Amino acid sequence: MSGPNTSYDPVEVSALDPQQIEADVEAALQAFAQAGDLDELKTARLAHAGEKSPLALANREIGALPPSAKAEAGKRVGAARGRVGKALKERQAQLEAERDERILREESIDVTVRARRRPSGARHPLSLLSERLQDIFVGMGWEIAEGPELEAEWFNFDALNLPPDHPARQMQDTFFVDPPQAGLVLRTHTSPVQVRSLLERGVPLYVAVPGKVFRTDELDATHTPVFHQVEGLAVDKGLTMAHLKGTLDHMAEALFGPGTVTRLRPSYFPFTEPSAEMDFRCFVCQGDSARSSGSADPCRTCGGTGWIEWGGCGMVNRNVLRAAGVEDPEYTGFAFGMGIERTLMLRHGVADMHDIVEGDIRFSAQFGLEA
Ligand code: DAH
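Worth saying up front: this structure is predicted, and the values here are computed from it rather than measured.

### Looking at the domain arrangement of the chain
Item 1. Under the domain assignment used here, the chain contains domain 1 (10-106) and domain 2 (125-367).
Item 2. Placing a centre on the C-alpha atoms of domain 1 and another on those of domain 2 gives a separation of 96 Å.

Written out as structure tokens, the structure is:
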């Protein structure tokens with residue numbers, strides 16, 4: 001074991017030289033100040049405050065000093081390391097704050113920005129209403145029947161008691177289809193499905209027939225050449241107009257709310273006898289508008305009449321039953337038909353047919369909440 005080196009001169013140990021220590025501190029402070037981010041500061045820390053830094057080496061040299069010199073040198077090195085440590089801590093805090101601020105800025109999310117969403121589609125209100133109508137019939141135990149849109153003239157007219165010279169053939173603004181001898185038309189109403197379903201299904205029969213129909217009308221606020229109807233037909237033993245009225249009242253209530261009644265006005269259709277036009281009581285003013293006649297502000301839905309025209313109906317003409325093969329006189333039937341576009345316009349206050357026809361999703365979407 002070697003004894004202490006008494007000839008040791010601390011001033012000659014360069015690491016402990018006060019000027020050197022000052023220079024080490026200066027170098028450390030400068031390196032910390034120059035470090036632009038936390039990675040650079042880490043490098044500077046290892047170089048100037050790490051275990052192999054000049055000041056750490058100087059600290060280690062103290063142990064080798066003679067006791068008389070230790071306190072002095074220790075104080076100096078300690079103070080130097082203290083300054084370096086403090087400067088490091090401050091710079092560290094500063095750079096961390098800068099980093100945090102940058103992250104907040106760069107990674108911020110503007111929650112008020114409009115989301116880019118793919119708009120979901122909307123079912124057309126005519127489809128929704130048609131299904132609702134069908135549900136009403138299915139709820140009464142009726143069946144749903146369909147027929148072709150390209151229809152034989154015979155089903156569209158003849159079988160419905162409209163012979164070739166009948167004026168109603170012209171009245172119905174028919175689209176005739178080439179070649180003329182094929183006897184085909186775009187069906188002008190859903191009534192031909194009455195005869196088709198009687199022939200296919202026989203009696204007793206309770207069917208509702210929704211579908212597309214065609215007439216040579218110009219598209220305007222209240223007309224369209226392609227529109228929809230729903231037809232009802234019931235044929236059974238002993239059916240009367242009371243059954244017709246009850247069915248229509250039920251339909252009106254289910255569609256327009258409790259208390260909505262219907263009324264029948266005498267009319268003429270070749271396929272029914274007797275025939276009637278059917279109105280329902282205005283579901284907006286409940287007829288009040290008509291009772292307080294002369295009112296300055298008549299109901300906008302019924303125009304102040306208290307009633308709204310809905311469609312045609314009647315007891316099925318015996319000729320139609322015969323054309324459909326129903327010979328037994330015990331069987332009687334009632335039938336009715338109404339426009340679905342018109343019903344939609346009345347029920348939802350749609351003022352212009354164009355909105356229904358054009359297919360703008362913004363129109364359809366408004367009906368989305370209704371099942
Ligand atoms: N088919 C007629 C039309 O389009 C409507 C109609 C009237 C249907 C009386 C019927 C009915 O079933 O009995 O104008």
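This is not the end of the story, as more comes after the structure.
### Notes on helix H2 (residues 38-48)
Item 1. Along H2, the residues classified as buried are Leu41, Ala44 and His48. Seen along its axis, H2 keeps its buried residues to an arc of 60°; they face one direction. For H2, exposure combined with an orientation more than 90 degrees from the buried face picks out Asp39, Thr43 and Leu46.
Item 2. Of the surrounding secondary structure, the elements contacted by the buried residues of H2 are helix H1 (18-34) and helix H4 (67-106).
Item 3. Two or three places before Asp39, at the opening of H2, Asp37 has a side-chain oxygen 3.0 Å from that residue's backbone nitrogen.

### Considering the site of the ligand
Item 1. Around the ligand, a shell composed of 15 residues is seen, among which His189, Ser191, Arg215, Gln229 and Glu231 lie nearest.
Item 2. The contact in question runs from a nitrogen atom of the ligand to an N or O atom on the side chain of His189, over 3.0 Å.
Item 3. Contact distances for the ligand include 3.0 Å between a nitrogen atom and a side-chain N or O atom of Ser191.
Item 4. Protein contacts shield 91% of the accessible area of the ligand, which totals 350 Å² for the unbound molecule.
Item 5. Those elements giving two or more residues to the shell around the ligand turn out to be strand E6 (226-237), strand E9 (307-316) and strand E10 (331-339).
Item 6. Here the shell around the ligand is built from residues that sort into 5 nonpolar, 8 polar and 2 charged.

### Concerning the packing of H2 against H4
Each packed pair of helices is defined by two parameters, the angle between the axes and the distance between the axes.
Item 1. Two numbers describe how H2 lies on H4: the axes approach to 10 Å, and their chain directions differ by 170°. Between H2 and H4, the angle falls in the class roughly antiparallel. Across the interface between the two elements, Leu38, Leu41, Arg45 and His48 from H2 touch Val84, Leu88, Arg91, Gln92, Leu95, Glu96 and Arg99 from H4.
Item 2. Here the residues of the contact of H2 with H4 sort into 5 nonpolar, 2 polar and 4 charged.

### Notes on the pattern of salt bridges
Item 1. Evaluation of the coordinates by the stated rule reveals 14 salt bridges.
Item 2. The partner of Asp249 in a salt bridge is Lys245, and the shortest N-O contact between them spans 3.0 Å. Placement of both Asp249 and Lys245 in helix H9 (residues 241-256) is noted, with a separation of 4 residues, approximately one turn of the helix.
Item 3. When salt bridges that share partners are traced, they join Arg263, Arg265, Asp279 and Glu309 into one network.

### A few points about the sheet that holds strand E1 (residues 143-144)
Item 1. Read across the sheet, 7 strands follow the order E1-E5-E6-E10-E9-E8-E7 without closing on themselves; strand pairing throughout is mixed. Taken across any chain shown, the strands that pair with only one partner, and hence form the sheet edges, are E1 and strand E7 (262-269).
Item 2. Bridge count for strand E5 (residues 205-214) against E6 is 10 bridges, and the pairing is antiparallel. Counted as the bridge partner of Val213 is Phe227 from E6.
Item 3. Against the sheet, helix H8 (residues 192-201) touches E1, E5, E6 and E10, its axis set at about 140° to E5.

### Some thoughts on the packing of aromatic side chains
Item 1. Counting across every chain of the model gives 14 aromatic pairs.
Item 2. Relative to Phe334, the ring of Trp142 lies with its centre 6.2 Å away and its plane at 50°, an arrangement referred to as tilted. Residue Trp142 is found in the loop between helix H5 (125-139) and E1, and its partner Phe334 is found in strand E10; the two are separated by 192 residues along the sequence. Per residue, the accessibility class of Trp142 equals that of Phe334, and both read buried.
Item 3. Arranged with centres 6.5 Å apart and planes meeting at 15°, the rings of Phe334 and Phe336 form a pair that is stacked.
Item 4. The exposure class assigned to Phe334 is buried, which follows from its relative accessible area of 2%.
Item 5. Residue Phe336 is classed as buried on the basis of its relative accessible area, which comes to 1%.
Item 6. In this structure an aromatic cluster arises from ring pairing among Phe137, Trp142, Tyr206, Phe334 and Phe336.

### Examining the packing of helix H3 (residues 54-62) against H4
Item 1. Two numbers describe how H3 lies on H4: the axes approach to 10 Å, and their chain directions differ by 160°. Classed by the angle they form, the pair H3 and H4 counts as roughly antiparallel. The hand of the H3/H4 crossing is left-handed. Here Leu55, Ala56, Ala58, Asn59 and Ile62 of H3 come into contact with H4, specifically with Lys70, Ala73, Gly74, Val77, Ala80, Arg81 and Val84.
Item 2. Considered class by class, the residues forming the contact of H3 with H4 number 8 nonpolar, 2 polar and 2 charged.

### Topic: unusual backbone geometry
Item 1. Each neighbour pair has its own omega, and for Asp178 with Pro179 the value is -10°, a cis peptide bond.
Item 2. Position of Pro179 among the secondary structure elements: in the loop between strand E3 (175-177) and strand E4 (184-186).
Item 3. Following Val203, the chain continues into Pro204 via a peptide bond in cis, with omega recorded as -5°.
Item 4. For Pro204, the position within the fold is in the loop between H8 and E5.

### Things to note about the pairing of strand E8 (residues 272-281)
Item 1. The pairing of E7 with E8 spans 7 bridges and is antiparallel. Looking across to E8, one finds that Arg263 is bridged to Asp279.
Item 2. Between E7 and E8, which follow one another and run antiparallel, lie 2 residues.
Item 3. Pairing between E8 and E9: 8 bridges, direction antiparallel. By the bridge assignment for E9, Glu277 is matched with Gly312.

Rules and cut-offs
- Residues numbered from 1 in each chain as written.
- Predicted model: local features only at pLDDT ≥ 70, side-chain atom pairs only at ≥ 80, totals over all residues.
- Heavy atoms only, no water.
- Domains from an automatic or database assignment.
- Buried < 20%, exposed > 50% of the residue type's maximum accessible area, 1.4 Å probe, protein only.
- Helix = DSSP H or I, 4+ residues; strand = E, 2+ residues; numbered from the N terminus.
- Arc of directions from axis to C-beta.
- Contact = heavy atoms within 4.5 Å.
- Polar contact = N/O pair within 3.5 Å; in protein donor to acceptor, adjacent residues only side chain to side chain.
- Near = heavy atom within 4 Å.
- Areas by Shrake-Rupley, 256 points an atom, 1.4 Å probe, with all protein chains shown as cover.
- Nonpolar A, V, L, I, M, F, W, Y, C, P; charged D, E, K, R; others polar.
- Axes fitted to C-alpha atoms, helices over the stretch in contact; angles between N-to-C directions.
- Parallel < 35°, antiparallel > 145°, perpendicular 65-115°, else oblique.
- Salt bridge = Lys/Arg side-chain N within 4 Å of Asp/Glu carboxyl O.
- Pairing = 2+ DSSP bridges.
- Phe/Tyr/Trp six-rings, centres within 6.5 Å; stacked < 30°, edge-to-face > 60°.
- Left-handed = near helix turned anticlockwise from the far one by under 90°.

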